[in-house]
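# Topology and contacts: notes
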Amino acid sequence: MRKVIYSPKYSLYNLGKEHPFSPLRAEMTLDLLQSLGALQDYIEPEEVQPEELFEIHDKEYVEKVEKVSAGETVEDIENFGLGTQDNPITPGMAQGARIIAGGTKLGAKLLLEGEAKKVLQMGGGFHHAHPRLASGFCVYNDLALAIKEMTKQGWHVVYLDLDVHHGDGVQDIFYSDGKVMTISLHESGEYIFPGTGWLYELGQGMGRSLKLNLPLEPFTEGDSYLEVIEGAVVPALRWFRPDALVVQAGADPHYSDPLADLVLTTQDFERIYRRVFELADEFTKGNLLITLGGGYSITATSRIWTILYLLFFNLPLPEVLPHEWRKKWGEKLGREIPEFLHDLPNPFDEIPRKPEIVRLNRDLVRRLMDAVTADWL
Ligand SMILES: [Zn+2]
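All of the points below concern the structure found in this document. Keep in mind that this is a model prediction, so the values were computed, not measured.

## Some remarks on the coordination of the zinc ion
Protein-derived ligands of the zinc ion are D163 (OD), H165 (ND1) and D252 (OD), with the metal-ligand distances lying across 1.9 to 2.1 Å. In terms of primary sequence, the donors binding the zinc ion are separated according to D-x1-H-x86-D. Of the two residues, D163 and H165, neither departs from the other in class, the shared state being buried.

## Regarding the nonpolar core
Core analysis: the largest hydrophobic core is formed by 124 residues, its most contacted members being I183, L185, L214 and Y273. Contacts of Y273, omitting those with residues within four sequence positions, involve A249, I304, W305, I307, L308 and L311.

## So, helix α7 (residues 266-283)
Quick reminder: α-helices carry 3.6 residues per turn. Residues three or four places apart thus point the same way. The terminal C-alpha atoms of α7 lie 25 Å apart, and with 18 residues this matches the ideal 26 Å at 1.5 Å per residue to within 8%. Where α7 is concerned, the buried positions are T266, D268, F269, E270, I272, Y273, R275, V276, F277, L279, A280 and F283. For α7, the secondary structure elements touched by its buried residues are β3 (157-161), α6 (222-240), β6 (244-248), β7 (288-291) and α8 (298-312). At the C-terminal side of α7, K285 shows a positive phi close to 55°.

## Considerations on the sheet that holds strand β1 (residues 2-5)
Spatial strand order, β1-β2-β7-β6-β3-β4-β5: seven strands in an open sheet with parallel pairing. The strands lining the two open edges of the sheet, one partner per strand, are β1 and β5 (211-216). Pairwise comparison of adjacent strand axes, ignoring direction, gives a mean angle of 10° for this sheet. Running over the sheet, α7 touches β2 (118-121), β3, β6 and β7 and is turned about 150° from β7.

## Quick word on the packing of helix α3 (residues 93-112) against helix α4 (residues 142-152)
One way to put it is that α3 packs onto α4 with a least axis distance of 8 Å and a crossing angle of 25°. Between α3 and α4, the angle falls in the class roughly parallel. As for how α3 packs across α4, the hand of that crossing is right-handed. Contacts from I100, A101, T104, K105, A108, K109, L111 and L112 in α3 reach D142, L143, L145, A146, E149 and M150 in α4. Of the residues contributing to the contact of α3 with α4, the split by class is nine nonpolar, one polar and four charged.

## With respect to the pattern of salt bridges
Evaluated as defined, the whole model comprises 26 salt bridges. Measuring nitrogen to oxygen at the nearest pair gives 2.9 Å for the salt bridge that ties E66 to R98. In this pair, E66 is assigned in helix α2 (residues 59-69) and R98 in helix α3, connecting sequence segments 32 residues apart. Given a relative accessible area of 8%, R98 falls into the buried group. For D243, the salt bridge goes to K285, with nearest N and O atoms at 2.8 Å. Linking D243 in the loop between α6 and β6 with K285 in the loop between α7 and β7, this pair joins segments that are 42 residues apart in sequence. Each member of the salt-bridge network shares a partner with another, and the members are E52, E55, K105, E149 and K152.

Cut-off values and rules
- Residues numbered from 1 in each chain as written.
- Predicted model: local features only at pLDDT ≥ 70, side-chain atom pairs only at ≥ 80, totals over all residues.
- Heavy atoms only, no water.
- Donors = N, O, S within 2.8 Å, 3.2 Å for Na, K, Ca; no water.
- Buried < 20%, exposed > 50% of the residue type's maximum accessible area, 1.4 Å probe, protein only.
- Core = buried A, V, L, I, M, F, W, Y, C linked by side-chain atoms within 4.5 Å.
- Contact = heavy atoms within 4.5 Å.
- Helix = DSSP H or I, 4+ residues; strand = E, 2+ residues; numbered from the N terminus.
- Expected span 1.5 Å × (residues − 1).
- Pairing = 2+ DSSP bridges.
- Axes fitted to C-alpha atoms, helices over the stretch in contact; angles between N-to-C directions.
- Parallel < 35°, antiparallel > 145°, perpendicular 65-115°, else oblique.
- Left-handed = near helix turned anticlockwise from the far one by under 90°.
- Nonpolar A, V, L, I, M, F, W, Y, C, P; charged D, E, K, R; others polar.
- Salt bridge = Lys/Arg side-chain N within 4 Å of Asp/Glu carboxyl O.

Below, the structure written as structure tokens:
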């Protein structure tokens, strides 16, 4: 049983016309699916109430977010990460974030109640939000809220973060939690936001050796990325055997992303998603919840999430994109829309330092496995 969660109201979470975290990314994806005749019925979630967020966020923080989003003046809001360039204050922000959090939480409930085995939440993935801090375009941590819903019922969860940025918020919230394993593949914090996600961040107390970080080299390509999945993610799932796998499917490891430097192609994303579905079947009793996330090249992101959606429903991937859809969005965005679903072959001439990057990433996996497996016995 596969279910999709989405609401047009997700677009209330709009941080401004020039802001990279645009609701147009999901709208463009759904519109493409519609024009391909592939759009399935989706479930529209209810928004969570502010009190429900106290599971994850401090009461004081939630109250300030709600007030400031309603137009009230709140002192010291910058101490909570709001009113910054990354997290500007906009009118629909709090309500939009609560509807999206409601969607991800609903995904957890559908799995817990056996109403679905696989859930695709066409929004969310706010992995940088902390208990009392907005950060990296994120205000309320929908992922942590959903994971908490599962652990409250005694479930063990693996959280796999495929966004190009470290999943710092989710990791920190469950840092001492023995029921949650977090695994983040990201471009090394030496080069990009948020500057964390180092190998030595392994968790503490009951959570020790359950927080796995793979800070990848810039210009890591698809083969090396998949090798890291095989070398670290697969053994971790095989050992931990969670009741569910929660995946943040940010599209920003794509080579054209303006905010990061990994060089995955759409073909690589297809291979990764196919592997994720296999892994869920093999190691998590099939329970899988996927959210969206980052992805700031809108023409790549809409194609990547369309691939994710089509694979989710076992639908065929078309080669060519519909002309009317390309025309409509080309005019709307004022830019050329690619003709094909997949990237053209060899989109970049060559990857600098490729053998060295492959070697460094292998070494990273080896050092991480050495560090954690001693505790896994
Ligand atoms: Zn990201």
